Amino acid sequence: MGEAARTEAREAALAELGALLGDRLTTAQAIREAHGRDESWHPVAMPDAVAFAETTEEVAAIIRICAAHGLPVIPFGAGTSLEGHVSAVHGGLSLDLTRMDRILEVNAEDLDVRVEAGVMRKALNEHLRDTGLFFPIDPGANATLGGMAATRASGTNAVRYGTMRENVLALTAVMADGSIIHTGTRAKKSSAGYDLTRLLVGSEGTLGIITELTLRLYGIPEATRSGVVPFQSIEGAVDAVIETIQSGLPIARIEILDPLSIRACNAYSKLTLAEVPTLFVEFHGTEASVAEQAERFAAIASGHGAGAAEWASKAEDRTRLWEARHNAYYAALAYAPGKKGMVTDVCVPISRLAEAISGTLADLETSFLKAPIVGHVGDGNFHMLLLMDPSDPKDLSEATRLHDLMVARALSLGGTSTGEHGIGEGKIKFLETEHGAGVGVMRAIKQALDPKGILNPGKIFSA
C-alpha cells in the first residue's frame, strides 16, 4: 500500500471512529504525545489519534473498524511500562482502556474477583480492604490490571505469590478481527483444551486486547514484619538470599539495593540507611510465625556478614519502607538531574545470581556511567538503571554496551533477557538468542491470530 492509500485508509478509519465515539476520539497533540510514551528512555512515537473505550463491545467495534482499514491499534493503560510497549511506532490508534474501571464481582468465599482491564492495582486493594482479602502482585507502579496482565508483571511479592501468570484465572479479550473470546473459568485448575489465558497473559497486546480479568485473591496476613538488613558485600547479601530460599523459609518479599541505590533513596525518601549493600525483607503469617521466620532469617544473614537488622511492625513504618523501595527508580533519576534512565532487568537461576550481579558490577566499575542496581532477588530477578542522556551518542553507546553485556551474561547462565519488564520494542534483538526456533512458532501464532498485523505492531518482533 502506497503512502497516499495509507493516508486515505487512516482518514476513513478515523471518520468512522469519530462517528462511533464522538468526543471520546481525539487528535489533540498533547494527548497523543502522552499516549506515545511510557516511563522508559525510548523516544515518543505518537499515535494518529486516541480513543477512550468504555465497554468490551465498544472495543470490539473499534477493532472491527481498524481491521477493515488496516489501522494499527496500541492498547494503553497507565503508561508505566519500561520497554516502549505503548509507543505507536507505526502510527495508528492508541486505545485507552482506563475508563473501563469497574470492579464487577467479588467472590470472597472463592478467593477471586472479576474486574475490567482499566482498574488500577491500588484501587482494587482499597475496594477489597474490608473483605480481609488482597491482590498481591505489586510491580511498584500503580498500573492497570489489564496492562499488568499484558506484560506478565510481577514485583516485590512474586517470591511468595507468583506473577500475573499464576494469578489470572480467566479473561475476556477482543481479537484482531473484532471477535470477543472468554478464556478460562473461575475453577482453580482445568485440563480443557489449549491454555489461551496463559497465551494472552504476557502477549503485550500483540495477540488480543484484554478487557476483563478474573484474578486470584489472598487473605490479608494476620501479621506482617518488614526489615532492613545491611551487609558488608553484595556477595554476602546474595548468598544470604540463596540460603534463605533453598532452606524453604516462606519469605514474602526479599529485595536487594546496592550502595548507590541506598544513597539515592536516602536523599529522595528522607531515609538514614547506611550506604552499604542492603536487603529489604518481609514476612507474612501469624504473630508467632513471623517472629520465628525473622529470627531464622537473621541467623542465616549473620552467617554472611550481615549487620543488625532494623524491623518494622507498624503499618505506617512498613509503608514508608516499601514506598522508598518502589520509588528507587525516581530516586535514581533525582540523583542525576537531567539524565534519563535506561532501566533493564534480567532473571537467572538463583544459584547463579551472585555471579550475574557481581559481573554486572564489574562492568560498571570500568564505565563512566552510573547505574544503581536493585532486585527482586528472591526469584533471581534484578534491575540496572543506567543514568544517561539518550541524545548524547557517547552516553547512549555506553549504556547500550552495558545493557547488552548484562543480558548476554544472564542468557549464558541459563536465565532470561527479561524477568518482568517484557520485550516491547527495547529487547527485540535478544529474543532469537533466547528462544531460537521458538521465535518462529511465536511468529506463526501472531500471523494466525493477527494476519493484518494491526495489534501493537513493532513489539516483541521487528516489523
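Everything discussed here concerns the structure shown above.
Right, let's walk through the structure included here.

Our focus in this paragraph is the overall build of the protein chain. A count of helical and extended segments in the protein chain gives 17 helices and 18 strands. Here the C-alpha radius of gyration of the protein chain, 22 Å, is about what a compact globule of 463 residues would show, namely 23 Å. In terms of its C-alpha atoms, the protein chain occupies a principal-axis envelope of roughly 70 × 55 × 40 Å. Carbon and sulfur atoms form 52% of the exposed surface of the protein chain, whose accessible area is close to 19000 Å². Seen as two clouds, the 42 positive and the 58 negative side-chain charges of the protein chain have centres 1 Å apart.

At a closest axis distance of 7 Å, the pairing of helix H16 (residues 428–435) and helix H17 (residues 438–449) adopts a crossing angle of 120°. Judged on the interaxial angle alone, H17 and H16 are oblique. Seen from H16, the contacting residues are Leu-431, Glu-432 and His-435; seen from H17, they are Gly-438, Val-439 and Met-442. In terms of residue class, the contact of H16 with H17 is made up of 3 nonpolar, 2 polar and 1 charged.

Let us look at the pattern of salt bridges. Scanning all chains against the criterion turns up 24 salt bridges. Its salt-bridge partner being Glu-3, residue Arg-6 comes within 3.0 Å of it at the nearest N-O pair. Taken together, the residues span about one helical turn, with Arg-6 and Glu-3 both in helix H1 (residues 3–21) at a distance of 3 residues. Given the relative accessible area of 40%, Arg-6 is considered partly exposed.

Moving on, we get to the sheet that holds strand E1 (residues 25–26). The strand order E1-E2-E4-E3 describes an open sheet built from 4 strands, whose pairing is mixed. The open sheet is flanked by E1 and strand E3 (73–76), the only strands paired with a single partner. Alignment of strand E2 (residues 49–52) against strand E4 (residues 93–96), held across 4 bridges, turns out to be parallel. Paired with Phe-52 across the bridge in E4 is Asp-96. The sheet contacts of helix H3 (residues 56–69) involve E2, E3 and E4, and relative to E4 the element is tilted by about 175°.

Thresholds, definitions, all that
- Residues numbered from 1 in each chain as written.
- Predicted model: local features only at pLDDT ≥ 70, side-chain atom pairs only at ≥ 80, totals over all residues.
- Heavy atoms only, no water.
- Helix = DSSP H or I, 4+ residues; strand = E, 2+ residues; numbered from the N terminus.
- Rg over C-alpha atoms; globule rule 2.2 N^0.38 Å.
- Areas by Shrake-Rupley, 256 points an atom, 1.4 Å probe, with all protein chains shown as cover.
- Lys, Arg positive; Asp, Glu negative; His and termini not counted.
- Charge placed at Lys NZ, Arg CZ, Asp CG, Glu CD.
- Axes fitted to C-alpha atoms, helices over the stretch in contact; angles between N-to-C directions.
- Parallel < 35°, antiparallel > 145°, perpendicular 65-115°, else oblique.
- Contact = heavy atoms within 4.5 Å.
- Nonpolar A, V, L, I, M, F, W, Y, C, P; charged D, E, K, R; others polar.
- Salt bridge = Lys/Arg side-chain N within 4 Å of Asp/Glu carboxyl O.
- Buried < 20%, exposed > 50% of the residue type's maximum accessible area, 1.4 Å probe, protein only.
- Pairing = 2+ DSSP bridges.

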